[in-house]
Amino acid sequence: WPTLVAIFGGLKEAQAAIIREPLLLKIQGDQCLGKLLTLRRLLGSKEAARDALRKCPFFLHHENQKKSTKWRLAFGSMERIFGMEETRNMCNERPELLQLGVCLERALGFAEKKLGSVEAVRDHFESVLKRTGLARHLNYEMTPRPRQGLWTPKMKRKRPLPCSWSPHRNPTGYTGVPRGEWDETPKDGTGKGTAENKNVVEADVVG
């Protein structure tokens, strides 16, 4: 409990995080510190890391994931497109982007090949998130729900399906070339596809 208060910057902030994520009380304090250090290094300051955790307290859950590695992969894939400072600004505003991990890395790589350049991905980043299904997955991640799939030890553990860009769902195998959801119809300003084609197709092989 004292560690959570220190991480979130106050008693009220820690209580708000626990109300949203009750299972944080099961975490030992030293399990949080490595994640906090990684966020500080990626986002550039202690305050930015604390703000990110207030917005996404589920970051502290283990969930059978290597969270620090996940964040570094997502940050690195965005940094290649936007540069460090812009990536930090984006992640400070929307820290949930870090939760996409390797899925973001694979989807952005595919989008670069589809759109023809890094610049095209940068200029149409929000559209890319929608066309790859990652925007929908972000909504799923940000919706308050029982993390780790259970509230009490009596309930069976349930694992949520990963997004289509996860290596675990890759039809060519875990180590195969990335494949995933790709909407061939670009999104217009309202975020809706044109009337001609709204089909979401499985992505081509990235060669």
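As a reminder, the structure under discussion sits directly above these lines.
## Thoughts on the packing of helix H5 (residues 67-82) against helix H7 (residues 101-115)
Direction vectors running N to C along H5 and H7 enclose 25°, while the axes themselves pass 6 Å from each other. Between H5 and H7, the angle falls in the class roughly parallel. Crossing hand, H5 versus H7: left-handed. Every residue of H7 that contacts H5 at Lys-70, Leu-73, Ala-74, Ser-77, Met-78, Arg-80 and Ile-81 is listed here: Gly-101, Val-102, Leu-104, Glu-105, Leu-108, Gly-109 and Glu-112. A per-class count over the contact of H5 with H7 returns 7 nonpolar, 3 polar and 4 charged.

## Description of the packing of H5 against helix H6 (residues 84-93)
In the contact formed by H5 and H6, the axes pass within 7 Å of each other and the chain directions differ by 125°. Relative to H6, the element H5 lies oblique. For the pair H5 and H6, the crossing hand works out as right-handed. Residues Phe-75, Met-78, Glu-79 and Phe-82 of H5 form the contact with H6, whose participating residues are Met-84, Glu-86, Thr-87, Arg-88, Met-90 and Cys-91. Partitioned by chemical class, the residues of the contact of H5 with H6 number 6 nonpolar, 1 polar and 3 charged.

## Some details on the pattern of salt bridges
Using the criterion set out here, one finds 6 salt bridges in the structure. As a salt-bridge pair, Glu-184 and Lys-114 come within 3.1 Å of each other at their nearest N and O atoms. Note that Glu-184 is positioned in the loop between strand S1 (181-183) and strand S2 (200-202) and Lys-114 in helix H7, a separation of 70 residues in sequence. For Arg-136, the salt bridge identified is with Glu-181, shortest N-O distance 2.7 Å. Here the residue Arg-136 occupies a position in helix H10 (residues 134-142), and Glu-181 occupies one in strand S1, the gap between them amounting to 45 residues. Classification of Glu-181 as buried rests on a relative accessible area of 14%. A cluster of three or more residues bridged by salt bridges with shared partners is formed by Arg-94, Glu-96 and Glu-126.

## Some details on the environment of Arg-41
Note that Arg-41 resides in helix H3 (residues 29-43). C-alpha of Arg-41 to C-alpha of Arg-72: the two residues are 31 residues apart in sequence and 9.8 Å apart in space.

## What to know about the packing of aromatic side chains
Evaluated as defined, the whole model comprises 5 aromatic pairs. With a centroid separation of 4.9 Å and an interplanar angle of 45°, the aromatic rings of Phe-59 and Trp-71 are classed as tilted. Of this pair, Phe-59 sits in the loop between helix H4 (46-55) and H5 while Trp-71 sits in helix H5, placing them 12 residues apart in sequence. Since its relative accessible area comes to 0%, Phe-59 is described here as buried. Judged by its relative accessible area of 0%, Trp-71 is buried.

Calculation criteria
Residues numbered from 1 in each chain as written. Predicted model: local features only at pLDDT ≥ 70, side-chain atom pairs only at ≥ 80, totals over all residues. Heavy atoms only, no water. Axes fitted to C-alpha atoms, helices over the stretch in contact; angles between N-to-C directions. Helix = DSSP H or I, 4+ residues; strand = E, 2+ residues; numbered from the N terminus. Parallel < 35°, antiparallel > 145°, perpendicular 65-115°, else oblique. Left-handed = near helix turned anticlockwise from the far one by under 90°. Contact = heavy atoms within 4.5 Å. Nonpolar A, V, L, I, M, F, W, Y, C, P; charged D, E, K, R; others polar. Salt bridge = Lys/Arg side-chain N within 4 Å of Asp/Glu carboxyl O. Buried < 20%, exposed > 50% of the residue type's maximum accessible area, 1.4 Å probe, protein only. Phe/Tyr/Trp six-rings, centres within 6.5 Å; stacked < 30°, edge-to-face > 60°.

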